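Working through the structure, step by step
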Amino acid sequence: LENLQPEIKELAKRLRYEVSVRGKQLGWSEKVARSHFSRNMRRVVTELYVRDNCHPFKATLLLWVQIPMWVCVSLALRNCSVGALGSAVQEQFSSGGALWFTDLTAPDSTWILPFSLGLVNLLVVEV
């Protein structure tokens with residue numbers, strides 16, 4: 001979107017000139033000329049978005065997926081930790097791990113999960 005701004009400004013300047021010339025030829029009022037300019041400018045900008053495949057909604061698409069996912073995971077973890085007071089849940093957590101973390105109630109002494117999660121988040125941010 002930022003890379004398109006100089007092109008959009010140049011096209012707006014040219015379109016403003018064309019609309020003013022056409023408006024003087026046809027005797028348009030200022031309000032009619034503004035209406036024609038805004039309608040044509042919207043069309044031109046939409047064509048640029050389609051051409052470069054960079055619609056502004058795509059920038060927010062990740063948020064529309066990531067926020068509900070974060071809320072669901074947070075609620076699931078909260079429910080697991082609050083529900084872990086029962087002996088059955090506690091027993092399942094103590095024997096339900098995988099790989100090097102076989103006991104989900106014990107702290108991770110190797111720090112593999114925190115470091116790998118940090119590296120993955122760093123990769124996501126940098127890429």
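As the structure is a prediction and not an experimental result, all values here were calculated from the model. (Residues numbered from 1 in each chain as written. Predicted model: local features only at pLDDT ≥ 70, side-chain atom pairs only at ≥ 80, totals over all residues. Heavy atoms only, no water.)

**Let's talk about the environment of Asp 52**
Under the convention used in this document: By definition, any uninterrupted DSSP run of H or I lasting at least four residues is a helix, any uninterrupted run of E lasting at least two residues is a strand, and each is numbered from the N terminus.
Residue placement: Asp 52 occurs in helix α2 (residues 30–52). Counting along the chain gives 48 residues from Asp 52 to Leu 4, while the straight-line C-alpha distance between them is 8.7 Å.

**A look at α2**
Rule in force here: Multiply 1.5 Å by the residue count of a helix minus one, and that product is the helix's expected span.
An ideal rise of 1.5 Å per residue puts 33 Å on 23 residues; α2 measures up with 33 Å between its terminal C-alpha atoms. Following α2 by one or two positions, Asn 53 has its phi on the positive side, about 55°.

**Observations regarding the pattern of salt bridges**
Under the convention used in this document: Each reported salt bridge corresponds to a side-chain nitrogen of Lys or Arg within 4 Å of a carboxyl oxygen of Asp or Glu.
Under the counting rule described, the total for this entry stands at three salt bridges. Notably, a salt bridge pairs Arg 51 with Glu 7, separated by 3.0 Å at the nearest N-O pair. You can see Arg 51 sitting in helix α2 and its partner Glu 7 sitting in helix α1 (residues 5–26), a full 44 residues away along the chain. Between Glu 47 and Arg 43 there is a salt bridge, with its nearest N and O atoms 3.2 Å apart. In this pair, Glu 47 and Arg 43 both sit in helix α2, four residues apart, roughly one turn of the helix.

**Things to note about unusual backbone geometry**
Leaving glycine out, the prevailing phi sign among residues is negative, and the prevailing peptide bond configuration is trans. Positive phi values are uncommon outside glycine, yet Asn 53 reaches one of about 55°. Locating Asn 53 in the fold gives a position in the loop between α2 and α3 (56–83). Look at Trp 111: it is not a glycine, yet its phi comes out positive at around 60°. Note on placement: Trp 111 falls in the loop between α4 (87–95) and α5 (112–126).

**A few points about the packing of aromatic side chains**
So the rule is basically this: Between rings of Phe, Tyr and Trp, where Trp is taken as its six-membered ring, a pair exists when centres lie within 6.5 Å; planes separated by under 30 degrees are stacked, by over 60 edge-to-face, and by other angles tilted. Relative accessible area decides the class of each residue, using a 1.4 Å probe on protein chains only: under 20% of the type maximum gives buried, over 50% gives exposed, and in between gives partly exposed.
As enumerated under the stated definition, the model contains one aromatic pair in all. Judged by centre distance (6.4 Å) and plane angle (50°), the rings of Trp 111 and Phe 115 are tilted. Accessibility classification places Trp 111 together with Phe 115 in one group, the exposed group.

**Looking at the environment of Pro 56**
Going by this rule: Contacts were defined at the residue level, with two residues in contact if any of their heavy atoms lie within 4.5 Å.
With respect to the element layout, Pro 56 can be found in helix α3. For Pro 56 and Leu 1, which are 55 residues apart along the polypeptide, the C-alpha to C-alpha distance reads 7.4 Å. Residue contacts for Pro 56: discarding those within four places in its chain leaves Leu 1 and Tyr 49.

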